[in-house]
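Remarks on the overall topology
Here are the chains, one letter per residue:
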Amino acid sequence: MQFLVDGRTEWAIPKPGEKVLPGFWKLDRWYGDNGAVIKTKARWCIMGNLLNAKDKDFESSFSGTASHERVRLLCALSAASEKSLFTIDSKGAYLSVQRGENEKRLFMQPPKGFEHPTDSRMRLLLKVAAYGLPDSGRRWHLKIAKAMTELGFTMVDSDPCVYVRDTLRGDGHPNLESRDYVAMTLHVDDGLTLASKPSLDKFVKELREKGIPVEEVKVATKYVGTHIKVGGEHPRNKTVTLYQTQYINDLFADSGAVENPRIRTPLPTGYAVDRRDMPKEVDPERVAWFRRVFGQVLFVAVSTRVDIAYCASELGRVMSNPSEEHCNMLKRVCQYLKNTSHLGIRYGGATVRRNRNTRNKISVQLMHDHVPMGMADASFGCDPADRRSMTGWVILLNGAPIAYRAKRQPFAVNSSCESEILSLSSIVREVEATTRALADLGVLGTAPAPVLVFEDNQCALQVANGHTSLSRTKAIDLRRAVARQAVQRELIRVEYLDTKKMLADILTKQPPADAFEAARAALGILPVDDDEAGASGEI
């Protein structure tokens, strides 16, 4: 609180009509791997939601954060380069942004114990973008973006919160192998940086000179709720594992589920949500429980656990009014996560790529490259209610997924070929964004080779490669054009892969336990403590 008072506010008596906002204390705790509290922080937050339209003097409150895909991308690049991952934390980031002198005056009610000592009419006049105001995040985002630009950083085209710089090149084309290379993703005031130690020290000094209140810089062990573990002795053949063991344990305790070590899959084999089973009457307590627990499961699914992406997509469709069965399925997912809380996404040590000596075979081999590879699949007509299909795809880099999706298709189609075309058109968008990001980050050249995308439907393969026609309706034809033109532009190269080897299958349905566990391991979801670099296997 003293940090907020000193020079960032001043005592004044509000004039009639000027807004005085109350606030509340927000207490945060940080936990170590053993569950013990290692750090605490208290923050006074203003209730900016009480501002009405006439009190607002800003047009936008939007402030972006780096996507999970770009965070995983930086981790994958670190695993196959000599660069290391560091976290940068800023103290009182919002409070470093000054409010303009011509802006409407805003006051805050001081918390109990911090009132003016002599005049009860006095309130604290805000001179900075305090926590809780709707536009504070955007003000901070604009400040850090300006500072990064002035320091010579370039914003990655596909993500406004990823920056890269290479002072040795100076031509707008950074090189990952350069000793002065720095790349950083931003989540509000937390940065994940890929750099060498000398270039990092230089960067942090420059940030402080620009008025960015950098408080703590350290080797990355945790970032935005995800733990990071680096293994391997050789700097160019190390492993980087992302895991959420502590978060999953807390999630399980909050869910009220009972441990069941026999659970090997998130859902029963072949299970699909039927929205017709949703009850007619709404049970507020059940809905509140489901939403609270599902939100935590969803965070795990989008952060580190591709193996529960399908069940998260399915259960999310009944979040408005789940039945007792749906709640039981969510508890089963929590039981599965508890049983597998020791797993995480592991990059490096082995790269999933095609074995050119064996037709249609995927191998995990001891090799590194920075070229992504995709797999796209679909489950035709799997929705019991409206017979819509399920799209599932995954993009892998340096041994594990950097992007993945499991999503019900927007409309029903006439054949499995059409459902696979919809899945291919969906992965094309992310492939394009990923290749642009890799080019901007100095990994791929300006004219990279086509990204290999595997498909297990021969008809869809022929359609994408332009050997046959599929056009029946405009909606299908548009998506066929997206996939075919991606091949023609040499953005992707589509090749056939046997269904038994299709790793994206676990994103479209719930397979039996043995097949599910084999695909999960092949996707790089592996034990955190078993991180021997150079491990190899085959599926």
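For the structure given in this document, a descriptive report is provided here. (Residues numbered from 1 in each chain as written. Predicted model: local features only at pLDDT ≥ 70, side-chain atom pairs only at ≥ 80, totals over all residues. Heavy atoms only, no water.)

**Let's talk about the overall build of the protein chain**
Test applied: Numbering goes from the N terminus for both helices and strands, where a helix is a DSSP run of H or I of at least four residues and a strand is a run of E of at least two. With a 1.4 Å probe rolled over the protein chains alone, any residue whose accessible area is under 20% of its type maximum counts as buried; one over 50% counts as exposed, and the rest are partly exposed. In what follows, residue pairs with any heavy atoms lying within 4.5 Å of each other are defined as contacts. Note on areas: Shrake-Rupley, 1.4 Å probe, and residue coverage restricted to the protein chains presented here.
If you tally the helices and strands in the protein chain, you get 12 helices and 25 strands. Residues counted as buried form 53% of the 539 residues belonging to the protein chain. The long-range fraction of contacts in the protein chain, counting pairs at least 24 apart against all pairs at least 6 apart in sequence, stands at 74%. Accessible area of the protein chain: about 24000 Å², with a carbon and sulfur share of 50%.

**Re the pattern of salt bridges**
To keep things clear, this is the line we draw: Note on definitions: salt bridges are taken to be side-chain nitrogens of Lys or Arg within 4 Å of carboxyl oxygens of Asp or Glu.
The final tally for this structure, using the stated rule, is 29 salt bridges. Between Glu-324 and Arg-286 there is a salt bridge; the shortest N-O distance is 3.4 Å. In this pair, Glu-324 sits in helix α8 (residues 324-339) while Arg-286 sits in helix α6 (residues 284-303), placing the two residues 38 residues apart along the sequence. Between Arg-317 and Asp-383 there is a salt bridge, and its shortest N-O distance comes to 2.7 Å. Here Arg-317 is found in the loop between α7 (309-315) and α8, whereas its partner Asp-383 is found in the loop between β19 (373-379) and β20 (390-397), with 66 residues between them in sequence. The exposure class assigned to Asp-383 is buried, which follows from its relative accessible area of 1%. Connected via shared salt-bridge partners are Arg-99, Glu-103, Asp-135 and Arg-139.

**Description of the sheet that holds strand β22 (residues 451-455)**
Our working definition: Pairing between strands is defined by DSSP: at least two bridges between the two strands are required. As a rule, the C-alpha atoms of each element are fitted with a line to give its axis, helices using only the stretch in contact, and angles between N-to-C directions run from 0 to 180 degrees.
The strand order β21-β20-β19-β22-β23 describes an open sheet built from five strands, whose pairing is mixed. At either margin of the open sheet sits one strand with a lone partner, and together these are β21 (400-408) and β23 (492-496). The mean inter-strand angle of the sheet, taken between neighbouring strand axes irrespective of direction, is 20°. The sheet contact formed by β19 and β22 spans four bridges and is parallel. Residue pairing across strands places Met-375 opposite Phe-454, the latter belonging to β22. Across the sheet, helix α2 (residues 68-79) is in contact with β20 and β21; its angle to β21 comes to roughly 155°.

**Re the packing of aromatic side chains**
Rules: Ring pairs are drawn from Phe, Tyr and Trp, using the six-membered ring of Trp, whenever the two centres fall within 6.5 Å, and their geometry is named by plane angle: stacked under 30 degrees, edge-to-face over 60, tilted for the rest.
By the definition in use, this model includes six aromatic pairs. Between Phe-153 and Phe-203, the ring centres sit 5.0 Å apart and the planes meet at 50°, which makes this aromatic pair tilted. Of the two residues, Phe-153 is situated in the loop between α3 (136-150) and β8 (154-155) and Phe-203 in helix α4 (residues 197-209); the sequence distance between them amounts to 50 residues. Here Phe-203 falls in the buried class, since its relative accessible area comes to 0%. Measuring from centroid to centroid gives 6.0 Å for Phe-290 and Phe-294, while their planes differ by 10°, and the two rings are stacked. You can see Phe-290 and its partner Phe-294 sitting in helix α6, four residues apart, about one turn around the helix. What makes Phe-294 buried here is its relative accessible area of 4%.

**Some remarks on unusual backbone geometry**
One non-glycine residue, Asn-398, lies in the positive phi region at around 50°. Position of Asn-398 relative to the elements: it lies in the loop between β20 and β21. According to the relative accessible area criterion, Asn-398 is buried, its value standing at 1%.

**Overview of helix α5 (residues 245-255)**
Within the sequence span of α5, burial applies to Gln-246, Ile-248, Leu-251, Phe-252 and Ser-255. Packing partners of the buried residues in α5 comprise β3 (23-31), β14 (226-231), α6 and α8. Phi turns positive one or two residues past the end of α5, at Gly-256, with a value near 80°.

**As for the pairing of β19**
Among the seven residues of β19, seven are classified as buried, and the element is accordingly described as predominantly covered. Alternating residues of β19 divide into Met-373, Met-375, Asp-377 and Ser-379 and Gly-374, Ala-376 and Ala-378, and every residue in both groups is buried. The sheet contact formed by β19 and β20 spans seven bridges and is antiparallel. Considered in β20, the bridge of Gly-374 is made with Ile-395.

**Structural notes on the sheet that holds strand β11 (residues 190-195)**
What the six strands build is an open sheet, ordered β8-β9-β10-β11-β5-β12; its pairing is antiparallel. Edge strands, defined here as strands with exactly one partner in the open sheet, are β8 and β12 (214-219). Pairing of strand β10 (residues 181-187) with β11, which is carried by six bridges, proceeds in the antiparallel orientation. Bridging across to β11, Met-184 finds its partner in Thr-193. Against the sheet, α4 touches β5 (84-90), β9 (162-166), β10, β11 and β12, its axis set at about 170° to β12.

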